[in-house]
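Coordinates in review
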Amino acid sequence: MQRSLYISPDKCTGCLQCEMACSYEHEGNFNPAKSRIKVFSFHTEGRFVPYTCTQCAEAWCKSACPTEAITLDVATGAKMVNDGLCVGCKVCTIACPFGTINYNTATGKVTKCDLCGGDPACAKACPTQAITYIDAEGTGYDKMRSWAARTDNQSAAQA
């Protein structure tokens, strides 16, 4: 059973615990700038929206990588960056339509969510359960794909 992160923006308070947990898990220090999950703040509305890699089934980042440094972890479904193969060209950052792959200037490599090997620190740290790690079928992923296919088919029919 594949699992995925499920984000409920209406539950997010903007506390940044997810960013802190992620940066500590991966970098060994509390530095939200180095987190692989970000919380976008809508200042005028007073709303916050966490966002990170959606682990796309047909990952454009993976397809775009000229060194094949992005591979699939079959156990978690995460798209993993192999630092030994990554040359820091940033092609994957351009290919990702969601902007969730980041360039680390300290290492000269890219970073992205790896689901913490199947135990995401961000979900464990979220005090309001705005981020949870659940069965992938419950995230609405199939609904999104179905809707996208319908809109793609409509566009093709109009062309």
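Procedures and definitions
- As a convention, each chain's residues are numbered from 1 in the sequence order in which they are written.
- Residue-level local features of this predicted model are given only where pLDDT is at least 70; pairs of side-chain atoms are given and counted only at 80 or more, and the full residue set underlies all totals for whole chains, interfaces and linings.
- Excluded from the side-chain calculations are hydrogens and water; all other atoms, namely the structure's heavy atoms, are used.
- Here a cavity means grid points, on a 1 Å grid over the protein atoms only, where a 1.4 Å probe fits yet cannot get out; a pocket means an open set of points with protein on both sides within 12 Å along at least five of seven lines; lining residues are those with an atom within 4 Å of a point.
- Grid points are joined across faces, edges and corners, and a volume is the space filled by probe spheres set on the points.
- Secondary structure is summarised from DSSP: a helix means a run of H or I of at least four residues, a strand means a run of E of at least two, and numbering begins at the N terminus for each.
- A simple rule labels every residue: compare its accessible area, found with a 1.4 Å probe on the protein chains alone, to the largest value its type can have, and call it buried under 20%, exposed over 50%, or partly exposed in between.
- Each polar contact in these results corresponds to two N or O atoms within 3.5 Å; when the atoms are within protein, one needs to be able to donate a hydrogen and the other to accept it, and residues that are neighboring in sequence are counted only if both atoms are side-chain atoms.
- Contact definition: two residues touch when any of their heavy atoms are within 4.5 Å.
- Residue-level confidence of the predictor is summarised by pLDDT, bounded by 0 at the bottom and 100 at the top.
- Stacked, tilted and edge-to-face are the three classes assigned to paired rings of Phe, Tyr and Trp, where Trp is represented by its six-membered ring and a pair needs centres within 6.5 Å; plane angles under 30 degrees give stacked, over 60 edge-to-face, the rest tilted.
- Two thresholds decide whether a charge sits over a ring: the Lys NZ or Arg CZ must be within 6 Å of the ring centre and within 35 degrees of the ring normal.
- Residue type decides the class: Asp, Glu, Lys and Arg count as charged, Ala, Val, Leu, Ile, Met, Phe, Trp, Tyr, Cys and Pro as nonpolar, and the leftover types, Gly among them, as polar.
- What counts as a salt bridge is simple: a side-chain nitrogen of Lys or Arg found within 4 Å of a carboxyl oxygen of Asp or Glu.
- Pairs of strands are assigned from DSSP output, requiring at least two bridges between the strands.

- Going by what an unreviewed UniProt entry lists, the chain is known as 4Fe-4S dicluster domain-containing protein and is assigned to Sedimenticola selenatireducens.

1. Some remarks on empty space enclosed by the protein
- Tallied over the entire structure, the rule returns four cavities of 30 Å³ or more.
- In this structure, the largest cavity encloses a volume near 90 Å³.

2. Quick word on the side chain of Ser-23
- Within the secondary structure, Ser-23 is located in helix α1 (residues 17-27).
- Accessibility expressed as a relative area gives 0% for Ser-23, which makes it buried.
- Within the structure, Ser-23 has its side chain in polar contact with the backbone oxygen of Met-20 (distance 3.1 Å).
- A polar side-chain atom of Ser-23 sits 2.9 Å from the main-chain amide nitrogen of Asn-31.
- Non-local contacts of Ser-23, meaning those with residues more than four positions away in its chain, are made with Gly-28, Asn-29, Phe-30, Asn-31, Pro-32, Lys-34 and Ser-35.

3. What to know about the confidence of the model for the chain
- Of all residues in the chain, 87% have pLDDT values of 70 or greater, and the mean over the chain is 90.
- Averaged over each element, pLDDT in the chain is lowest for helix α5 (residues 141-158) (58) and highest for helix α4 (residues 121-125) (98).

4. Points about the packing of aromatic side chains
- Tallying each qualifying case throughout the model produces two aromatic pairs.
- Considering the side-chain rings of Tyr-24 and Phe-30, the 4.6 Å spacing of their centres and the 15 degrees angle between planes classify their relative orientation as stacked.
- Looking at Tyr-24, the relative accessible area reads 46%, which means it is partly exposed.
- Relative to Phe-42, the ring of Phe-40 lies with its centre 4.7 Å away and its plane at 70 degrees, an arrangement referred to as edge-to-face.
- For Phe-40, a relative accessible area of 41% gives the class partly exposed.
- Here Arg-47 stacks its cationic end above the ring of Phe-42, 4.7 Å away from the centre of that ring.
- Over the ring of Tyr-103 we find Lys-90; its NZ or CZ atom is 4.3 Å from the centre of that ring.

5. Quick word on the layout of surface pockets
- The space that makes up the second largest pocket amounts to roughly 180 Å³.
- Listed by contribution, the elements that provide at least two residues to the lining of the second largest pocket are α1, β5 (79-81) and β7 (109-111).
- Across the lining of the second largest pocket, the residue classes tally to three nonpolar, four polar and seven charged.

6. Observations concerning the pattern of salt bridges
- Considering all chains together, one arrives at two salt bridges under this definition.
- Of the charged contacts in the structure, one is a salt bridge between Asp-114 and Arg-36, with a shortest N-O distance of 3.8 Å. In this pair, Asp-114 is assigned in the loop between β7 and α4 and Arg-36 in the loop between α1 and β2 (38-42), connecting sequence segments 78 residues apart.
- On the accessibility criterion, Asp-114 (15% relative accessible area) is buried.
- Notably, a salt bridge pairs Lys-124 with Asp-119, separated by 3.1 Å at the nearest N-O pair.

7. Considerations on the pairing of strand β3 (residues 47-51)
- Bridge count between β2 and β3: five bridges; the pairing is antiparallel. Paired with Lys-38 across the bridge in β3 is Tyr-51.
- Two successive antiparallel strands, β2 and β3, enclose a turn made up of four residues, where Gly-46 displays a positive phi of approximately 70 degrees.

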